[in-house]
Amino acid sequence: LIEGEETSLDKQTYGAILKNRFPEFVLVPVGGKDGLRSFEDVRDSILNKTIWGVSFYLLCDRDATNSLGKAKVAAEVGSRIKSLSRYHLENYFLNENVLALCFEEMEPADSWLRNPIEIKKKLIELARSVVPYAVALAVAATVRESVGNISVMPKGAATAENADALAQLILQRVDAESTRVSSGLDPNAIRSMVEDEYARLKIAVENNDPLWKSELPGRVILNKFASVAQTSVGRLKQLYLSKAEGTDAFEEIVAIFQSFRDGE
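Residues numbered from 1 in each chain as written. Predicted model: local features only at pLDDT ≥ 70, side-chain atom pairs only at ≥ 80, totals over all residues. Heavy atoms only, no water.

A.B. asks: Sorry if this is basic, but what is going on with the nonpolar core here?
C.D. replies: Generally speaking, soluble globular proteins have nonpolar side chains that are buried together. One finds Trp212, Phe225 and Phe250 to be the most contacted residues of the largest nonpolar core, which totals 53 residues. With twelve residues, the single largest contributor to this core is helix 7 (residues 116–147). Not counting the four nearest positions on each side in its chain, Phe250 is found in contact with Ile17, Tyr92, Phe93, Tyr240, Leu241 and Ala244. (Core = buried A, V, L, I, M, F, W, Y, C linked by side-chain atoms within 4.5 Å. Buried < 20%, exposed > 50% of the residue type's maximum accessible area, 1.4 Å probe, protein only. Helix = DSSP H or I, 4+ residues; strand = E, 2+ residues; numbered from the N terminus. Contact = heavy atoms within 4.5 Å.)

A.B. asks: How should I be thinking about the packing of aromatic side chains in this particular structure?
C.D. replies: Describing an aromatic ring pair means giving the distance of the ring centres and the angle of the ring planes. Per the counting criterion, the structure on display carries 13 aromatic pairs. Judged by centre distance (5.7 Å) and plane angle (85°), the rings of Phe25 and Phe257 are edge-to-face. In this pair, Phe25 is assigned in the loop between helix 1 (9–18) and helix 2 (33–37) and Phe257 in helix 13 (residues 251–262), connecting sequence segments 232 residues apart. Judged by relative accessible area, which is 4%, Phe257 ranks as buried. Aromatic rings pair up to connect Tyr14, Phe22, Phe25, Tyr57, Phe257 and Phe260 into one cluster. The ring of Phe93 has Lys237 sitting right over it, with the charged end atom 5.7 Å from the ring centre. (Phe/Tyr/Trp six-rings, centres within 6.5 Å; stacked < 30°, edge-to-face > 60°. Lys NZ or Arg CZ within 6 Å of the ring centre and 35° of its normal.)

A.B. asks: Help me understand the environment of Lys213 in this model?
C.D. replies: Along the chain, Lys213 turns up in helix 10 (residues 211–215). In sequence terms Lys213 and Arg86 are 127 residues apart; their C-alpha atoms lie 7.4 Å from each other. Residues within four places of Lys213 in sequence aside, it is in contact with Arg86, Asn91, Leu94, Asn95 and Glu96. Engagement of the side chain of Lys213 in a polar contact is seen with the side chain of Glu96, the distance being 2.9 Å. (Polar contact = N/O pair within 3.5 Å; in protein donor to acceptor, adjacent residues only side chain to side chain.)

A.B. asks: What's the story with the packing of helix 11 (residues 218–228) against helix 12 (residues 233–243) in this structure? I'm lost.
C.D. replies: Think of two packed helices as two axes; the pair is described by the angle between the axes and how far apart they sit. At a minimum axis distance of 9 Å, the contact between helix 11 and helix 12 shows a crossing angle of 100°. When the interaxial angle is binned, helix 11 and helix 12 end up roughly perpendicular. Between helix 11 and helix 12, the residues in contact are Leu222, Asn223, Phe225 and Ala226 and Val233, Leu236 and Lys237, respectively. Partitioning the contact of helix 11 with helix 12 into residue classes produces five nonpolar, one polar and one charged. (Axes fitted to C-alpha atoms, helices over the stretch in contact; angles between N-to-C directions. Parallel < 35°, antiparallel > 145°, perpendicular 65-115°, else oblique. Nonpolar A, V, L, I, M, F, W, Y, C, P; charged D, E, K, R; others polar.)

A.B. asks: Could you clarify how one ought to interpret the pattern of salt bridges in this entry?
C.D. replies: A pair can form between side chains of opposite charge whenever their charged atoms are brought close. Per the counting criterion, the structure on display carries 17 salt bridges. The partner of Lys120 in a salt bridge is Glu96, and the shortest N-O contact between them spans 3.6 Å. You can see Lys120 sitting in helix 7 and its partner Glu96 sitting in helix 6 (residues 96–102), a full 24 residues away along the chain. The salt bridge partner of Glu118 is Lys121, with a shortest N-O separation of 3.4 Å. (Salt bridge = Lys/Arg side-chain N within 4 Å of Asp/Glu carboxyl O.)

A.B. asks: Where do I start with unusual backbone geometry in this structure?
C.D. replies: Most peptide bonds take the trans form, and the phi angle of most residues other than glycine is negative. In this structure, Asn208 is a non-glycine residue whose phi angle is positive, near 50°. In this fold, Asn208 is placed in the loop between helix 9 (187–206) and helix 10. Taking relative accessible area as the criterion, Asn208 reaches 28% and is therefore assigned partly exposed. Residues other than glycine seldom take positive phi values, yet Gln230 does so here, at roughly 60°. Of note, Gln230 is situated in the loop between helix 11 and helix 12. Classification of Gln230 by relative accessible area gives exposed; the value is 75%.

Don't take any of this as a statement about function, it's just geometry.
Following this line, the structure appears as structure tokens:
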């Protein structure tokens, strides 16, 4: 199970990457994040009880992982939920050497789009512009997971003798939840989180640390690059997929499907 719709580029991309490597797998798009959130419940309560001989796996990117809850996915050791190590599927499309090959037959010999060094410079420039957005995404995800949903359902509600006793139990839960939420929304803690994350990502970009190709939202960077190159992102992806054959650009994704096959 993957993100997206039946006609989405995600399915086309995974299909092109895998080709005939894993004929026993069928890629099934499940839509947006709501479909991903319900995977465990649906798998345990319906799929495993009604469809025999078929194993269901879920592959999502880090953006979806943030929505599902990083702690939940991290705790699923040996689970059939796997997350890409990079923020978006598009992060695997940021190899400057492969991108240069994409424009070999379309651009004149002196075009910067055929020069991996110049492409890398442009990618870093675009990555630098995305840092604030990436920091906001990371901090928002951390705070959302820390604060979570509010629950004022108390223990012992069923045995409360009257309305006053029940109100007391609920108000105790309100106090506890208020303390938890206030801690998660502490302005000083959030400011510190923003400053630390901003510094970390900015340094990664300035030093061309491979970290930025994993941590920054690749979908945004690739869209910006396609705009600068004056081509559609869909066409660029198709070119990239054809030129990436024989390279290690999608090695991690292939390894994940191999782990599904091996039952790891």
